[in-house]
Amino acid sequence: MDCQCLDVAKDCIKVLQKQFPESKRVGRLEGILLEAKGLWAEAEKAYSSLLEDNPLDPVLHKRRVAIAKAQGNFPTAIEWLNKYLETFMADHDAWRELAEIYVSLQMYKQAAFCYEELILSQPTVPLYHLAYADVLYTLGGVDNILLAKKYYASTIDLTGGKNTKALFGICLCSSAIAQLTKGRNKEDKESPELQSLAAAALEKDYKQRAPAKLLLLTSALKSLKTS
Amino acid sequence: MGELKYELSQNAYIKLVLHARKHKTAAVNGVLLGRVSPQNDAVVEIADSVPLFHSHLGLLPNLEISLIMIEEHYSAQGLGIVGYFHANERFDDLELDSIAKNIGNHICRYFPQCAVLLLDNKKLEALPKGKDRSPVMQVSAVFVCIELSNYGVSVSFLAIKRFWL
């Protein structure tokens, strides 16, 4: 179905139906085939009837969310996904999907909440720290950027200093904080060491992997420091 | 405001289309680089393009770093950021979403004749089915050009230089 060979898919499903007449999985496949054909209403009906028999099937709930998303109906997709997550709170993929939908709609506060849930349940996955830091930075404001810096730092900690995005993130945060607190006479709590360490690590990384771009990196970092 | 023409070079076009084709299930975006034509003020030459992301298009840090580095790199060649390219996730979605509009507006502040190109997925779908191999190809306008009403610029004509399939 991914390759749009819908006839082949239909034949396969027929064979499966003969073999397993009352199977839930075949029912789901039929629903997915209807989705692939673009027959959203029929697919929705198929899933609803399957859900009546199996109200706690996570895959069916998620297919319904997928229908809403494919039609471009984001508010419905968000509503369904939130309902789903009230029951199945441990489904990390669903939290990630919800966060991505929020980011694409620029609802960053809600996306931040999703990532917070993910970090709470899986604190050792650097991906979530990085994504959370990105969303915080995008939200803006000194407090958020300070927090973002901490999460970039924790990402670097978790990945042993190899995550380029996080290193760049630290440099960006430091320059953004410097810009935002320019007028205020706050005592300099933030040590400049973190930024210079991050910059040095980036330069080392580039030297190893892309020496041709090293000059570009150094000039970009310079413009960040001065801006 | 007068009419503006944009000339899209083959290189730029190919890079963007290939990037979109590679990530069929995601929204992609990219930056257009070029300059105002030295011969004619009303023509903007889009000489090159840089595909940017295929996930999390709405997040700021990556965008900032990439724009800084792109500007640095291309200013050495005399090119600046002249536009933004976007391709939507869904097949029949022909609307420019808020992220694309925001980025477009931002580029406009620095370059008033900025162009925002939105990929028409349906035409992209039809692209490989054309079996004609003749060198002088009929220009198939795969992009739908969006008018940037903020600055009253209307794009009258999109020419694709030396286009081939």
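Once a new chain begins, its residue numbering starts again from 1 and follows that chain's sequence as written. Think of it this way: whatever chain is written first is A, whatever ligand is written first is 1, and the rest follow in order. Given that the model is predicted, a residue must reach a pLDDT of at least 70 before its local features are reported, and side-chain atom pairs must reach 80 or more before they are shown or counted; all residues, however, enter totals for whole chains, interfaces and linings. Based on all heavy atoms of the structure, the side-chain values leave hydrogens and waters out of the count.

With an unreviewed UniProt entry as reference, chain B is termed MPN domain-containing protein, source organism Citrus sinensis. UniProt positions are given in the numbering used here, feature names are shortened, and annotations may be inferred rather than shown by experiment. What UniProt records for chain B under Sequence similarities (unreviewed entry) is the sentence "Belongs to the EMC8/EMC9 family."

Per an unreviewed UniProt entry, the recorded name for chain A is ER membrane protein complex subunit 2, and the organism is Citrus sinensis. What UniProt states about chain A under its Subcellular location (unreviewed entry) heading is, verbatim, "Endoplasmic reticulum membrane". According to the UniProt record, the Sequence similarities (unreviewed entry) comment for chain A reads "Belongs to the EMC2 family."

K.L.:
Could you clarify how one ought to interpret the overall build of chain A in this entry?
P.N.:
Scanning chain A for helices and strands turns up 12 helices and 0 strands. Numbered from the N terminus, helices here are DSSP runs of H or I no shorter than four residues, and strands are runs of E no shorter than two. In sequence order, the secondary structure elements of chain A are arranged as α-α-α-α-α-α-α-α-α-α-α-α. Rg of the C-alpha trace for chain A: 24 Å, well past the compact-globule value of 17 Å for 227 residues, more than 25% over. Overall size of chain A, expressed as C-alpha extent along the three principal axes, is 70 × 40 × 30 Å. Burial analysis of chain A (227 residues in total) assigns 38% to the buried set. We score Asp and Glu as negative and Lys and Arg as positive, and we do not count His or the chain ends. In this description, the location of a charge corresponds to atom NZ of lysine, CZ of arginine, CG of aspartate or CD of glutamate. For chain A, the centre of its 29 positive side-chain charges and the centre of its 28 negative side-chain charges are spaced 6 Å apart. What the globule rule says is 2.2 Å times the number of residues to the power 0.38, and the radius of gyration is computed from C-alpha atoms. For each residue, the accessible area found with a 1.4 Å probe, counting protein chains only, is set against the maximum for its type, and the residue is called buried under 20%, exposed over 50%, and partly exposed in between.

K.L.:
What is the right way to look at the packing of helix α9 (residues 142–158) of chain A against helix α10 (residues 164–180) of chain A in this model?
P.N.:
All names here are of chain A. With their axes 9 Å apart at the nearest point, α9 and α10 run at an angle of 155° to one another. As judged from the angle between their axes, α9 and α10 are roughly antiparallel. Considering the relative orientation of α9 and α10, their crossing is left-handed. Across the interface between the two elements, V142, I145, L146, A148, K149, Y152, A153, T155 and I156 from α9 touch K165, A166, L167, G169, I170, C173, S174, A176, I177 and L180 from α10. Convention adopted: a line fitted to C-alpha atoms gives each axis, helices being fitted over their contacting stretch, and angles between N-to-C directions are expressed from 0 to 180 degrees. Each angle is binned into one of four classes, with values under 35 degrees roughly parallel, values over 145 roughly antiparallel, values of 65 to 115 roughly perpendicular, and all other values oblique. Should the near helix be turned counterclockwise from the far one by less than a right angle, the crossing is left-handed, whereas a clockwise turn marks it as right-handed. Whether two residues touch is decided by their heavy atoms; if any such pair falls within 4.5 Å, the residues are in contact.

K.L.:
Help me understand the interface of chain A and chain B in this model?
P.N.:
Often, the extent of an interface is quoted as the loss of accessible area on bringing the components together. Facing 26 residues of chain A, the contacting portion of chain B comprises 18 residues. Two parts placed together each lose some accessible area under a 1.4 Å probe, and adding up what both lose gives the buried area. Together, the buried faces of chain A and chain B total about 1900 Å²; carbon and sulfur atoms form 64% of this surface. Whenever Lys or Arg places a side-chain nitrogen within 4 Å of a carboxyl oxygen from Asp or Glu, that contact is recorded as a salt bridge. Taken together, the connections running from chain A to chain B amount to 1 salt bridge. Of the charged contacts in the structure, one is a salt bridge between E89 of chain B and K69 of chain A, with a shortest N-O distance of 3.9 Å. In protein, a polar contact means a hydrogen-donor-capable atom and an acceptor-capable atom, both N or O and within 3.5 Å, with residues adjacent in sequence counting only if both atoms are side-chain atoms; elsewhere, any N or O pair within 3.5 Å suffices. Applying the counting criterion to the chain A and chain B interface returns 7 residue pairs in polar contact (both at pLDDT 80 or more).

K.L.:
Sorry, what's going on with the packing of aromatic side chains here?
P.N.:
Where two aromatic rings form a pair, the distance of their centres and the angle of their planes describe that pair. Residues and elements named next belong to chain A. A pair of aromatic rings is counted whenever rings of Phe, Tyr or Trp (Trp by its six-membered ring) have centres within 6.5 Å, and the orientation is called stacked for planes under 30 degrees apart, edge-to-face for over 60 and tilted otherwise. Taken as a whole and judged by the stated rule, the model has 4 aromatic pairs over all chains. Relative to F88, the ring of Y84 has its centre 4.8 Å away and its plane inclined at 25°; by these criteria the two rings are stacked. Considering the side-chain rings of Y132 and Y151, the 4.8 Å spacing of their centres and the 80° angle between planes classify their relative orientation as edge-to-face. Here Y132, found in helix α8 (residues 126–139), pairs with Y151, found in helix α9; they are 19 residues apart in sequence, far enough to count as distant. Y151 gets classed as partly exposed once you look at its relative accessible area, which sits at 23%. Criterion for a charge above a ring: Arg CZ or Lys NZ at most 6 Å from the ring centre, at most 35 degrees from the ring normal. Positioned over the ring face of W80 is R64, at 3.9 Å from the centre of the ring.

K.L.:
In this structure, what is going on with unusual backbone geometry? I would like to understand it.
P.N.:
The bulk of non-glycine residues show a negative phi, and the bulk of peptide bonds are trans. Residues and elements named next belong to chain A. Its identity is not glycine, yet Q106 carries a phi of approximately 60°, on the positive side. Tracing the backbone shows Q106 in the loop between α6 (92–104) and α7 (108–121). In this structure Q106 comes out as partly exposed when scored by relative accessible area, which is 24%.

K.L.:
I keep staring at a positive patch on the surface and nothing clicks. Help me out?
P.N.:
Residue and element names in this part refer to chain A. On the surface, K10, K14, K18 and K37 cluster together into a positively charged patch. In terms of residues, the positive patch owes the most to one element, helix α1 (residues 6–19), which gives 3 residues. Position of K10 relative to the elements: it lies in helix α1. The patch calculation keeps residues exceeding 30% relative accessible area without a salt bridge and links them within 9 Å when they carry like charges or within 5 Å when they are nonpolar (Val, Leu, Ile, Met, Phe, Trp, Tyr). Where accessible areas are quoted, they stem from the Shrake-Rupley method and a 1.4 Å probe; at the residue level, only the protein chains shown are allowed to cover.

K.L.:
Teacher, can you tell me more about the packing of helix α2 (residues 24–37) of chain A against helix α4 (residues 58–70) of chain A here?
P.N.:
Packed helices, taken two at a time, are described by the angle their axes make and the gap between the axes. Residues and elements named next belong to chain A. Running from N to C, α2 and α4 cross one another at 5°; their axes reach a closest spacing of 11 Å. Between α2 and α4, the interaxial angle falls into the category roughly parallel. Only V59, L60, R63, A66 and I67 of α4 make contact with α2, whose side of the interface consists of R28, I32 and E35. Here the residues of the contact of α2 with α4 are counted per class, giving 5 nonpolar, no polar and 3 charged. Asp, Glu, Lys and Arg are counted as charged, while Ala, Val, Leu, Ile, Met, Phe, Trp, Tyr, Cys and Pro are counted as nonpolar; the rest, among them Gly, fall into the polar class.

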